[in-house]
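Structure at a glance
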Amino acid sequence: SYTDLGVLGPVGQAYRLRFTSPGLSAVTSDPVTLTAPGPLDLTASVLSADPVGNVTADGQSQSFLTATLTDTYGNPLANEAVVLALNESEGRALGSPSGQTNAIGQFTTPLTSTVTGVTTVKAYSNSADPDNEVDTVGVGFIADEPTQIELVSGDGQTGEVATALDNPLTVR
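Attention in this report is confined to the structure presented alongside it. (Residues numbered from 1 in each chain as written. Predicted model: local features only at pLDDT ≥ 70, side-chain atom pairs only at ≥ 80, totals over all residues. Heavy atoms only, no water.)

Some remarks on the overall build of the protein chain
Looking only at helices and strands, one finds zero helices and 15 strands in the protein chain. For 172 residues, the compact-globule estimate of 2.2 N^0.38 gives 16 Å, and the protein chain exceeds it by more than 25% at 28 Å. With respect to the principal axes defined by its C-alpha atoms, the protein chain has extents near 105 × 30 × 25 Å. Here the protein chain holds 172 residues, and the buried ones make up 27% of them. Looking at the protein chain alone, contacts between residues at least 24 apart form 51% of all its contacts between residues at least 6 apart. When the accessible surface of the protein chain is split by element, carbon and sulfur atoms take 50% of a total near 10900 Å². Separation of charge centres in the protein chain, based on 5 positive and 19 negative side chains, amounts to 14 Å. (Helix = DSSP H or I, 4+ residues; strand = E, 2+ residues; numbered from the N terminus. Rg over C-alpha atoms; globule rule 2.2 N^0.38 Å. Buried < 20%, exposed > 50% of the residue type's maximum accessible area, 1.4 Å probe, protein only. Contact = heavy atoms within 4.5 Å. Areas by Shrake-Rupley, 256 points an atom, 1.4 Å probe, with all protein chains shown as cover. Lys, Arg positive; Asp, Glu negative; His and termini not counted. Charge placed at Lys NZ, Arg CZ, Asp CG, Glu CD.)

Structure follows, in C-alpha cells:
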C-alpha cells in the first residue's frame, strides 16, 4: 500500500505503474487514468493578445487579452483567479481587470486605448504580487485615419515654386 504516491501528467492519459524491489517480483498496476490537473505552473501559463498590434487608438477598437493557466503538462486549470494590470493606465481601459478562468483554463477581456503606442499588460494568479506573475504582453495601438484637417496659419500667401514662404503653412 502506497499512501503518498503521486502521478502527474496529461489529464485523460492512462498509465501503468511498475513496481520493483531487489529480491521481489515486479508488479504492474492496472491502467491508471489521470482525471485532475496538477498545481498551477506560472512558467507554463501564458498571456496573449489578439490582435497584438495595429489596433486603432480610438477608445473603441479592441484587442482581446487571454490569460491561460495550466499545470506543468498543459492541463487547463478552471476556477482560478486572474488579475490583469496595466503598466500605463492613462487613456487605456480593460473590460474587466480580474476574473476566474473557465473550463479550459482561460480568462478573456478586451483592452481599448485612446493613446498611441505600446500598452504593456501583466497577468497574475490570485493577486498582483510579483511572485504570482504569469506573463506580460505588449499591445500596439496606432492613430486613427484623419477625417479632417484644419488650417492654423499661413493662408493667403503666394510664392515661387521651391522657395520657402515667409509665414509657414500650418495645419492640424
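So that's the structure; there's more coming.
Quick look at the side chain of S63
Looking at the secondary structure, you find S63 in strand β7 (residues 63–68). Looking at S63, the relative accessible area reads 0%, which means it is buried. Once residues lying within four places of it in the same chain are set aside, the contact partners of S63 are A49, D50, P51, V55, T109, P110, L111 and V139.

A look at the nonpolar core
In globular proteins that are soluble, nonpolar side chains generally tend to be buried together. Membership of the largest hydrophobic core comes to 18 residues, with the highest contact counts inside it found for L47, L65, L84, L111, V121 and V139. Those elements that place two or more of their residues in this core are β5 (46–50), β7, β8 (81–86), β11 (106–113), β12 (117–125) and β13 (133–142). The biggest single contributor to this core is β13, with four residues. Beyond its immediate stretch of four places on either side in the chain, L111 contacts S61, Q62, S63, L65, L86, A93, L94, T119, V121, V139 and F141. (Core = buried A, V, L, I, M, F, W, Y, C linked by side-chain atoms within 4.5 Å.)

Quick look at the pairing of β8
In the case of a regular strand, side chains alternate between the two sheet surfaces. The pairing of β8 with strand β10 (residues 98–100) spans three bridges and is antiparallel. In the sheet register, V83 faces β10, and the bridge partner there is S98. Pairing between β8 and β12: five bridges, direction antiparallel. Across the sheet, residue V83 finds its bridge partner in β12, namely Y124. (Pairing = 2+ DSSP bridges.)

Things to note about unusual backbone geometry
Across the chain, the bulk of peptide bonds are trans and the bulk of non-glycine residues have phi less than zero. Cis geometry marks the peptide bond from D50 to P51, where omega comes out at -5 degrees. Looking at the element boundaries, P51 is found in the loop between β5 and β6 (55–56). In this model, N126 sits at a positive phi of 75 degrees, which is unusual for a non-glycine residue. Within the secondary structure, N126 sits in the loop between β12 and β13. The phi dihedral of A162 falls on the positive side, at around 70 degrees, and the residue is not glycine.

Regarding the pairing of β5
Here β5 shows one buried face, formed by L47 and A49, and one open face, formed by V46, S48 and D50. Summarising the sheet, β5 and β7 pair through five bridges and their orientation is antiparallel. Within the sheet, the bridge partner assigned to A49 lies in β7 and is L65.

Points about the sheet that holds β13
The mixed open sheet is built from five strands, whose spatial order is β6-β13-β12-β8-β10. A single partner strand is all that each edge strand has here, and the edge strands are β6 and β10.

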